[in-house]
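# A structural walkthrough
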Amino acid sequence: MWTEPTRKYSPKFLGGRGIDNWILYSEVRPSVTPFEPANRLIFGTGVLVGTLAPGASRHTVDAKSPMTGGIGSANSCGHFSAELKFAGYDHIVFQGRSRRPAYLWIDDSRVNLMDGSHIWGKTTYETDDIVKEELGDDEIQIACIGPAGENLVRSACVMTNRARAAGRCGLGAVMGSKNLKAVAVRGSGSIEVAYPERFMEGVNKAWERLRISEAATIRRKWGTYRTPDLYNERGHLGARYFQDDYVSPRIIQNVDPVIFKRDYEVRRLGYSCCPIGCSHFYRVTDGPYGGVACEGFEVNDLLNFIARFEIDYPPAIIGLHSLCSEYGLDQDNASGAIGWAFECYQRGIITDADTDGLRLDWGDHRAVAELLRKVAYREGLGGLLAEGAKRAAEAIGRGSDKFAIHVKGQDSIESMRGSGRAWALGCVVSTRGGTHTRGANLVEGMRVPSDVCQRIWGISKLDGPLSYENKARLVVYYERLQAILDSLGVCMFCSNWAGPDLLDHDDLAELYSAATGTKINGEELMVVGERIHNIEKAFNVLHAGFTRSDDQPPKRFMEEPIGSGPLKGEKLTKEGWDKMLDEYYELHDWDKATGWQSRTCLEDLDLKSVADDLGKAGRLPQYK
Amino acid sequence: MIYLSVYDEKCTGCRACEFACSYHHRKVFNPRLASLHIRRNEKQGAISILPWAKLTKKEKEKRLPCDRCLGEPEPLCVKYCLPGAIVKKVGEL
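These figures come from a predicted structure and were not determined experimentally. (Residues numbered from 1 in each chain as written. Chains lettered and ligands numbered in written order. Predicted model: local features only at pLDDT ≥ 70, side-chain atom pairs only at ≥ 80, totals over all residues.)

Here the focus is the overall build of chain A. Along its length, chain A carries 25 helices and 15 strands. On C-alpha atoms alone, chain A measures out to a radius of gyration of 23 Å, which is about the 25 Å that the 2.2 N^0.38 rule sets for 624 residues. C-alpha atoms of chain A, sized along the principal axes, occupy 60 × 60 × 50 Å. Looking at chain A residue by residue over its 624 residues, the buried ones come to 60%. Long-range pairs, those at least 24 residues apart, make up 69% of the contacts in chain A between residues at least 6 apart in sequence. (Helix = DSSP H or I, 4+ residues; strand = E, 2+ residues; numbered from the N terminus. Rg over C-alpha atoms; globule rule 2.2 N^0.38 Å. Buried ≥ 20, exposed ≤ 12 C-beta atoms within 10 Å, placed from the backbone. Contact = placed C-beta atoms within 7 Å.)

What follows is the structure, given as structure tokens:
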């Protein structure tokens, strides 16, 4: 165990996700597989975490991904990140593997690897209780895995505060492969900024913007789950595992957000200086889910449980959310593979003999709950589904790969036929394999005046969700912005990802400059965002061998049009997609034929060594 | 006189009040120095706001006493509490 200053990585890679992934790139060789001891598991806070900057509550966990074999990166909120900063650390890098189950106890400068045998096998809820009890402080912050991570389930996540997940990419399984059950932190130090008065001026402006913002105000009241009917009409809901992108309005009525608010919501919740507090705590008092009390659920539950399985019983949604948190399962990935199994069952590809007699009928929440358990413990069919839909389909064949919805091997929760072209492009080209937080955005459906469009994104107007025009530009903007946000540790809901009136790259540059004393403007900060994005891209090219063919949407979204609802008949077209993808590569200065990065692009970003690595591997485009 | 009214049920547990309080005292961010404490029970979804008057003697020893944000136009814990869980009142207690 040793410490080293982060100065050698910053400001070139800022902090958080940027530094995490540079370390990952530098230290993990392409031949290393995700569960080998030589893989790294890296926790990163963020430059602004621990200060009063709004929404600076995030941490990122990174490793080589068991889902894609490329970059594995997931971001979460909670008090963990700030606590780690108060203890005096920006990052934790784990390498190797403990001989016995262990947990790391960081008490300011006292850092010990503790025996974790007694918590191995426990759920995340139990682990949280036991560790706090034995360390004698219930305000310690804990990041831990559940049974799913221990059992190397590829959809395992890393949980903090019992409810917040660094979800995608199977990072919980990497943690499990290191026999690391938890990281417990207590920090009592102070965070100083370079220019306190100037910093607070920026902070005050930012808080005021968030206070009056319409987007923030709505999210403050409702959280992320607010308008299921609009999601449905706009093609975001993949019904019965994406067989259609429209759910019966009767189902949507039964899960009206008002029902959750009126009957189950206990309170709103937020973490480290969050001016929104989109999270809520729920309690179910009776029925089959009586006794469930948990933080969550989110709009993801609408996509993952309500639409995918047509479950319209509100307590079940809360219950399934809680089960995922308890097992340490990323609900997006886990429910993706389970959805694929339901469709296989519907088509007769798998039968009662494969499911141990469990009937997989749409709408049956008990079957979903049972399969979540089987996945977490790799029991029966759960062992297959623990690999994710892509690998499961490859294992059983029989044409099931045709409808396995994944991007680069990771299950996808996003419908892409009618939900917006920037949304689809962002989800597909995302470095971590699918997911809508690395370039995808919803601004394309908003009404934004042209001067604002020009100022923020450099385009004259937004053409509506179904147009292919200018979408690559929007995606590239948000790839860069998201890389910055994750490296500063700021929540995307505080940024113009959530609404054009919220924080943009200039605002973040001012906060960064005042906090660190390193002067940088918004444009320069976006270059850092591009650099971070390019590191991840290079990691993918070297480790997973991704090319242009991996930047294609799931076939279903090009071949099967939406069957019902206002967007009936809509699908992605090959022509539109290719045009958009060409434009996207051009904006990055990447090669259109291979999708690879050019030497000039990398050298302009001060990444010559990366260009050399790609050249040696024969993965730089060959120009005539 | 100025006093603070607190409403636990409105608090989201974001602790911006603690961060702001430590900034008022020392121009640094450190919730453990703050004159108030937010306690969170994650199992029950319960939160308690403990202003200076409600802190135990032991807790007060580690923290800096509340001066009602002397020199500030309004107490910073109130200013940054967007949910309105900490409210400034003027008058006799």
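Moving on, we get to the overall build of chain B. Within chain B one finds three helices and four strands. Starting at the N terminus and walking to the C terminus, you meet the elements of chain B as β-α-β-β-α-α-β. Against the 2.2 N^0.38 benchmark of 12 Å for 93 residues, chain B shows a C-alpha radius of gyration of 13 Å, consistent with a compact globule. Out of the 93 residues belonging to chain B, those deemed buried represent 43%. At a minimum sequence separation of 6, the contacts of chain B that also span at least 24 residues come to 56%.

By a widely used convention, the size of an interface equals the accessible area lost when the partners come together. Listed by partner, the interface residues are 20 residues for chain B and 28 residues for chain A. Residue composition of the side of chain B that touches chain A, by class: 10 nonpolar, five polar and five charged. (Nonpolar A, V, L, I, M, F, W, Y, C, P; charged D, E, K, R; others polar.)

To continue, consider the sheet that holds strand S8 (residues 158–160) of chain A. Residues and elements named next belong to chain A. Read from one edge to the other, the open sheet built from six strands follows the order S6-S5-S10-S7-S8-S9, with strand pairing classed as mixed. Pairing within the sheet leaves two strands with one partner each, and these edge strands are strand S6 (110–115) and strand S9 (164–166). Averaged over all pairs of adjacent strands, the angle between strand axes in this sheet comes to 20°, irrespective of strand direction. Pairing between S8 and S9: three bridges, direction antiparallel. Its bridge partner being in S9, Val-158 is matched across the sheet by Ala-166. (Pairing = 2+ DSSP bridges. Axes fitted to C-alpha atoms, helices over the stretch in contact; angles between N-to-C directions.)

Among the 11 residues in helix H1 (residues 16–26) of chain B, nine count as buried, and that is most of the element. Residue Lys-27 of chain B follows H1 of chain B closely and has a positive phi angle near 60°.

Once that is clear, we can look at unusual backbone geometry. All names here are of chain A. Cis peptide bonds are those with omega within 30 degrees of zero, and the linkage from Ser-10 to Pro-11 qualifies with 15°. The amide bond that connects Gly-296 to the next residue, Phe-297, takes the cis arrangement and shows omega of -10°. Positive phi is not limited to glycine here, since Glu-310 has a value of about 55°. Along the chain, Glu-310 falls in the loop between helix H11 (299–309) and helix H12 (314–327).

Residue and element names in this part refer to chain A. Each domain of chain A was delimited in the assignment, giving domain 1 (16–186) and domain 2 (238–404). A C-alpha centroid distance of 24 Å is found between domain 1 and domain 2. Elements with a contribution of two residues or more to the side of domain 1 that touches domain 2: helix H2 (80–87), helix H3 (124–135) and helix H4 (147–150). If you tally residues by element for the side of domain 1 that touches domain 2, the top one is H4, at three residues. By residue class, the composition of the side of domain 1 that touches domain 2 is 18 nonpolar, 13 polar and three charged. (Domains from an automatic or database assignment.)

Once that is clear, we can look at the sheet that holds strand S11 (residues 265–269) of chain A. All names here are of chain A. Spatially, three strands are ordered S11-S12-S13 in an open sheet, and the strand pairing comes out antiparallel. Where the open sheet ends on each side, the last strands, each with one partner, are S11 and strand S13 (293–295). Geometrically, the sheet is characterised by an average inter-axis angle of 15° between neighbouring strands, direction not taken into account. Pairing of S11 with strand S12 (residues 279–283), which is carried by four bridges, proceeds in the antiparallel orientation.

Residue and element names in this part refer to chain A. Taking burial as the measure, the five residues of S12 include four buried ones, the bulk of the element. Sheet analysis places S12 next to S13, joined by three bridges and oriented antiparallel. Bridging from a neighbouring strand, Tyr-282 pairs with Cys-294 of S13.

Residues and elements named next belong to chain A. With respect to the helices and strands, the residue Val-528 is situated in helix H21 (residues 522–543). Along the primary structure Val-528 and Leu-481 are separated by 47 residues, whereas in three dimensions their C-alpha atoms are 9.5 Å apart. What Val-528 contacts, discounting residues up to four positions off in sequence, is Leu-14 and Ile-484.

With that settled, the discussion passes to the packing of H11 of chain A against helix H13 (residues 331–346) of chain A. All names here are of chain A. At a minimum axis separation of 10 Å, H11 and H13 run at an interaxial angle of 10°. Considering the angle they form, H11 stands roughly parallel to H13. Side by side, H11 and H13 meet where Asn-300, Asn-304, Phe-305, Arg-308 and Phe-309 of the first sit next to Gln-331, Asp-332, Ser-335, Gly-339 and Phe-342 of the second. A breakdown of the residues in the contact of H11 with H13 according to their chemical character gives three nonpolar, five polar and two charged. (Parallel < 35°, antiparallel > 145°, perpendicular 65-115°, else oblique.)

What follows is about the pairing of strand S2 (residues 58–64) of chain A. Residues and elements named next belong to chain A. Counting buried residues along S2, seven of its seven residues qualify, which places the element largely inside the surrounding structure. Where strand S1 (residues 41–44) lies against S2, three bridges are found, and the strand directions are antiparallel. Within S2, the position partnered with Gly-44 by the bridge is Thr-60. As judged from the seven bridges shared by S2 and strand S3 (residues 71–77), these two strands associate in the antiparallel manner. Directly across from His-59, in S3, lies its bridge partner Ser-76. Between S2 and the antiparallel strand that follows it, S3, lie six residues; Gly-69 among them carries a positive phi value of about 80°.

Right, let's talk about the confidence of the model for chain B for a bit. All names here are of chain B. Taken as a whole, chain B shows an average pLDDT of 95; of its residues, 99% reach a score of 70 or greater. Here strand S1 (residues 2–6) stands out as the least confident element of chain B, with mean pLDDT 89; H1 is the most confident, with 98. Two summary scores accompany this predicted model of the complex, namely pTM at 0.97 and ipTM at 0.97. (pLDDT = per-residue confidence, 0-100.)

All names here are of chain A. Residues Leu-171, Leu-329, Ala-341 and Leu-372 are the most contacted members of the largest nonpolar core, which totals 226 residues. Counting residues per element, this core draws most heavily on helix H19 (residues 471–488), at 11 residues. Apart from the residues within four sequence positions on either side, Leu-171 is in contact with Leu-41, Val-61, Ala-63, Gly-72, Ala-74, Cys-157, Val-158 and Ala-166. (Core = buried A, V, L, I, M, F, W, Y, C linked by C-beta atoms within 7 Å.)

Quick look at the packing of helix H17 (residues 421–429) of chain A against H19 of chain A now. Residues and elements named next belong to chain A. The geometry of H17 relative to H19 is characterised by a closest axis approach of 9 Å and an angle of 50° between their N-to-C directions. Regarding the angle of H17 to H19, the classification is oblique. Along this stretch, H17 crosses H19, giving a crossing that reads as right-handed. Between H17 and H19, the residues in contact are Arg-421, Ala-422, Leu-425, Gly-426 and Val-429 and Lys-471, Ala-472, Leu-474, Val-475 and Tyr-478, respectively. In terms of residue class, the contact of H17 with H19 is built from seven nonpolar, one polar and two charged. (Left-handed = near helix turned anticlockwise from the far one by under 90°.)

This next bit is on helix H16 (residues 389–396) of chain A. All names here are of chain A. Those residues of H16 that fall on the buried side of the exposure criterion are Ala-389, Lys-390, Ala-392 and Ala-393. End-on, the buried residues of H16 take up no more than an arc of 165°, which puts them together on one face. Contact partners of the buried residues in H16: H13, helix H15 (381–385), strand S14 (406–407) and strand S15 (410–411). Positive phi appears at Gly-397, one or two residues downstream of H16, with a value of about 65°. (Arc of directions from axis to C-beta.)

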